[in-house]
Amino acid sequence: MTVNRHPPVTDFATDFDHTDPTWVNNPFPIWDELRATCPIAHSDRYGGTWLPVTHEHVSAIAYDTDNFTSRAVVVSEVRPGPLDLPAPIGVAPPITSDPPFHAMARRLLLPAFAPRKVDALEPFTRQLCNDLLDALEGKDIVDAAVEYAQHIPLRVIAKMLGFPTEDADYFRHVIHLILEEGITATEDDDERLVEGQALDAYFDNQIADHVANPRDDLTTFLLEAELDGNKLMHEHVRGTMLLILVAGIDTTWSAIGSALWHLAHNPEDLKRLAAEPDLMPFAIEEMLRAYAPVTMARLVAQDVEIGGCPMKEGDWVLLPFPAANRDPEFFDRADEVIIDREENRHAAFGLGIHRCLGSNLARMELRVAVEEWVKRFPNFELADPSAVTWAAGQVRGPRSIPVRLPG
Amino acid sequence: MRVHVDAEKCQGHNRCYSLAPELFDVDDLGNAVELNDGNVPEGLEHKARLAVANCPEYAITISE
């Protein structure tokens, strides 16, 4: 659970906070209300933050890399400081990079996440899912988030980077600190500093080990990669490792969890999916639309007016792709989950040059995880709806989903 | 019917490739390219329209 150090929100149009328990538990009514009354909200929290909730505004800002910088993409009390790598590189390239550096850093990584590379990981992922499911057999009540969803991306990413799978608990801890605790931490937070140093040391050890013993994984790939004829800066390698850990685990775990949560309390969808496996590709996209896990953020690079709102240099802007995905101006029956929806231009993986680098990987993990679960347990159901808890912050997904398995 | 991918707009979401692999391929970077000069064989018109309707970047167009 996040330590929420902020006062409760009473008006989301003028004082919103994405860590407020009301938002964390169910943000959809908040976005619906804002879309109708105040489509770009503002809050003085975090030193000044804007919140567009329509597809039109979210996409306009995502495409506008001149007026909005990606130098920081997680809203927190602390803006990037002088010790961080400067724009256009940023702390975790390429997600924190701006043009023109962005394209080089991204181009370097794209081949590692292209469809055919990802296809090669599918048998490993399917086996992993089945091993996890084997361990659930014979139990009455299990936690689909804790005992299943979270393990899948943790192990897939550890395998890709060539990190020991037994370090999975440590990765989980780091991700929680960055994505949840880090939001409300302040600059002089000693714990944050110590944790950051420990993580750098962990990466340094992995780098040293891979330098001594190169192997066929993403870490060795990064160490051998060249930009403009030069090896990557040490900080660039570490930053990209951080990016892959943070962006590749919590997000996919959330998407798998949300899909299982949906199926656990919508028996008609579960029944249909079990009977008509050809629907799976459409169902997966619809889950991604309806329960998109990731809200990004930008900093305003220079004063600009969007939708009549005067955004000032240095202001935060939350980019809630999940809210854009629920915009009734853009989607027919936007608030309903239609598992055979055929037309689905959803923005779960973002829009524009920062399209999620790992989207092919995430989709494969989500599809395989749901396919294998539904095959094994075609009749599961929520055991206790009130016991389901949701992650706070910019990555939303269930952190506990107690479900009953058919006996 | 022909399909066309605007390489400037394509960001590699790979929706077209997964929905209509008969009509689109992806390069090593994951960017989409139309196969067979974009010509849509008879019977695949629905798949072509699906690819258009699912591209988040509006990168695909159809000409009849």
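Residues numbered from 1 in each chain as written. Chains lettered and ligands numbered in written order. Predicted model: local features only at pLDDT ≥ 70, side-chain atom pairs only at ≥ 80, totals over all residues. Heavy atoms only, no water.

Draft legend 1. Structural detail: the overall build of chain B. Helix and strand counts for chain B stand at two helices and four strands. Since a compact globule built from 64 residues should have a radius of gyration of about 11 Å, the 10 Å found for chain B is in line with a globular shape. When the backbone C-alpha atoms are referred to their principal axes, chain B occupies close to 30 × 20 × 15 Å. Counting over 64 residues, chain B shows a buried share of 50%. (Helix = DSSP H or I, 4+ residues; strand = E, 2+ residues; numbered from the N terminus. Rg over C-alpha atoms; globule rule 2.2 N^0.38 Å. Buried < 20%, exposed > 50% of the residue type's maximum accessible area, 1.4 Å probe, protein only.)

Draft legend 2. Molecular detail of the sheet that holds strand β4 (residues 141–143) of chain A. Residues and elements named next belong to chain A. The strand order across the open sheet formed by three strands is β4-β14-β11, and the pairing between neighbours is antiparallel. Both outer strands of the open sheet, β4 and β11 (381–382), are each paired with one neighbouring strand and no more. Where β4 meets strand β14 (residues 402–404), three bridges bridge the pair, whose relative direction is antiparallel. Within β14, the position partnered with Asp143 by the bridge is Pro402. (Pairing = 2+ DSSP bridges.)

Draft legend 3. View of the interface of chain A and chain B. Listed by partner, the interface residues are 24 residues for chain A and 21 residues for chain B. Taken together, the two surfaces of chain A and chain B that pack against each other cover about 2,000 Å², and 48% of this comes from carbon and sulfur. The tally of links from chain A across to chain B stands at two salt bridges. With a closest N to O distance of 2.7 Å, Arg116 of chain A and Asp25 of chain B form a salt bridge. Applying the counting criterion to the chain A and chain B interface returns 13 residue pairs in polar contact (both at pLDDT 80 or more). For the side of chain A that touches chain B, the secondary structure elements donating two or more residues are α5 (101–109), α6 (115–119), α16 (280–290) and α18 (359–376) of chain A. It is α18 of chain A that provides the largest number of residues to the side of chain A that touches chain B, a total of three residues. Grouping the amino acids of the side of chain A that touches chain B by side-chain chemistry returns nine nonpolar, six polar and nine charged. (Contact = heavy atoms within 4.5 Å. Buried area = accessible area lost by both parts, 1.4 Å probe. Salt bridge = Lys/Arg side-chain N within 4 Å of Asp/Glu carboxyl O. Polar contact = N/O pair within 3.5 Å; in protein donor to acceptor, adjacent residues only side chain to side chain. Nonpolar A, V, L, I, M, F, W, Y, C, P; charged D, E, K, R; others polar.)

Draft legend 4. View of the nonpolar core. All names here are of chain A. With 111 residues, the main nonpolar core has Tyr148, Phe171, Leu361, Trp373, Phe380 and Val403 as its most contacted residues. With nine residues, α18 is the largest single contributor of residues to this core. Listed in part, the 20 residues of the second largest apolar core include Ile40, Val300, Leu319 and Leu351. (Core = buried A, V, L, I, M, F, W, Y, C linked by side-chain atoms within 4.5 Å.)

Draft legend 5. Structural view of helix α7 (residues 122–136) of chain A. Residue and element names in this part refer to chain A. The end-to-end C-alpha separation of α7 is 21 Å, in line with the 21 Å expected for 15 residues at 1.5 Å each. Taken together, the buried positions of α7 are Glu122, Thr125, Leu128, Cys129, Leu132, Leu133 and Leu136. Along the long axis of α7, the arc covered by the buried residues comes to 135°, so they all point the same way. With respect to the buried face of α7, the exposed residues turned more than 90 degrees away are Pro123 and Ala135. Lining the buried residues of α7 we find α6, β4, α8 (145–149), α9 (151–161) and α18. Of the residues trailing α7, Gly138 is marked for its positive phi of about 90°. (Expected span 1.5 Å × (residues − 1). Arc of directions from axis to C-beta.)

Draft legend 6. Representation of the packing of aromatic side chains. Residue and element names in this part refer to chain A. For the coordinates displayed, the defined rule picks out 15 aromatic pairs over all chains. Centre to centre, the rings of Tyr202 and Phe203 are 6.4 Å apart; their planes meet at 65°, and the pair counts as edge-to-face. For the residue pair Tyr202 and Phe203, the accessibility class agrees, reading buried in each case. These aromatic residues form a ring-pair network of at least three members: Phe163, Tyr170, Phe171, Tyr202 and Phe203. Taking the ring centre of Phe28 as reference, the NZ or CZ of Arg326 above it sits at 3.9 Å. (Phe/Tyr/Trp six-rings, centres within 6.5 Å; stacked < 30°, edge-to-face > 60°. Lys NZ or Arg CZ within 6 Å of the ring centre and 35° of its normal.)

Draft legend 7. Focus on unusual backbone geometry. All names here are of chain A. Between Pro93 and Pro94 the backbone carries a cis peptide bond, its omega angle lying at 0°. Within the fold, Pro94 resides in the loop between β3 (68–69) and α5. Backbone torsion omega between Pro99 and Pro100 reads 0°, so that peptide bond is classified as cis. Note on placement: Pro100 falls in the loop between β3 and α5. At Arg333, a residue that is not glycine, the phi angle is positive and equals roughly 45°. Looking at the element boundaries, Arg333 is found in the loop between α17 (321–324) and α18.

Draft legend 8. Representation of the pairing of strand β1 (residues 2–5) of chain B within the structure. All names here are of chain B. Residues Val3 and Val5 of β1 are buried on one face, while the alternating residues Arg2 and His4, pointing to the opposite face, are not. Sheet topology places β1 next to strand β4 (residues 60–63); four bridges connect them, and they run antiparallel. Residue Arg2 lies in a different strand from β4, and its bridge partner there is Ser63.

These figures capture arrangement, not role.
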